[in-house]
Amino acid sequence: MSAGEFKLRSGEEARCEDVRLAMGEVLDGVADATVQSAVEAHVRTCPPCATEMNELRGVVEGVRTLSSVPPQPGAYKPVEEQVRGGAGPTADEPGFWEKLRRMFGK
Ligand SMILES: [Zn+2]
């Protein structure tokens, strides 16, 4: 538990500093209901924190989008080989481009 969370749980009026410390956890969905409602209540009345939260949300979603793409080098090698007219990853299974050619009757 972070110091910010403790202050948000205590029922005192949330301070920007504490709200911002807890924002990441709220956006990640790992903050508990008390912290989440304290942050949400605060950003409704505090435009600077609302802006901060929107920016952070954009970053969090951007990271999620990026991390859904396999980052390994060579991940697209099979595709590259087929584009160059190679046999593809397996001999029995028609490759992606071959399936596409068949689909369009060429
Ligand atoms: Zn604030």
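Just so it is clear, the structure is predicted and the values come from calculations on it, not from any experiment.

Engineer: Hey, could you run me through the coordination of the zinc ion in this one?
Structural biologist: The expected angle between donors at a tetrahedral four-coordinate metal is 109.5 degrees. At an octahedral six-coordinate metal it is 90 or 180 degrees. In this structure, C16 (SG), H42 (NE2), C46 (SG) and C49 (SG) serve as the protein donors to the zinc ion, at separations of 2.0 to 2.3 Å. For the zinc ion, the 4 donor atoms in the first shell make angles of 103 to 114° at the metal, so the coordination geometry reads as tetrahedral. Mapped onto the sequence, the residues coordinating the zinc ion show the spacing C-x25-H-x3-C-x2-C. One end of the pair, C16, is in helix α2 (residues 16-28); the other, H42, is in helix α3 (residues 33-45), with 26 residues separating them in the sequence. Take C16: its relative accessible area is 34%, and that puts it in the partly exposed class. Of the residues examined, H42 reaches a relative accessible area of 11% and is grouped as buried.

Quick notes on the rules
Residues numbered from 1 in each chain as written. Predicted model: local features only at pLDDT ≥ 70, side-chain atom pairs only at ≥ 80, totals over all residues. Heavy atoms only, no water. Donors = N, O, S within 2.8 Å, 3.2 Å for Na, K, Ca; no water. Tetrahedral: all angles 85-135°; square planar, octahedral: opposite > 155°, others 65-115°. Helix = DSSP H or I, 4+ residues; strand = E, 2+ residues; numbered from the N terminus. Buried < 20%, exposed > 50% of the residue type's maximum accessible area, 1.4 Å probe, protein only.

Note that all results are geometric; they support no functional claim without further evidence.
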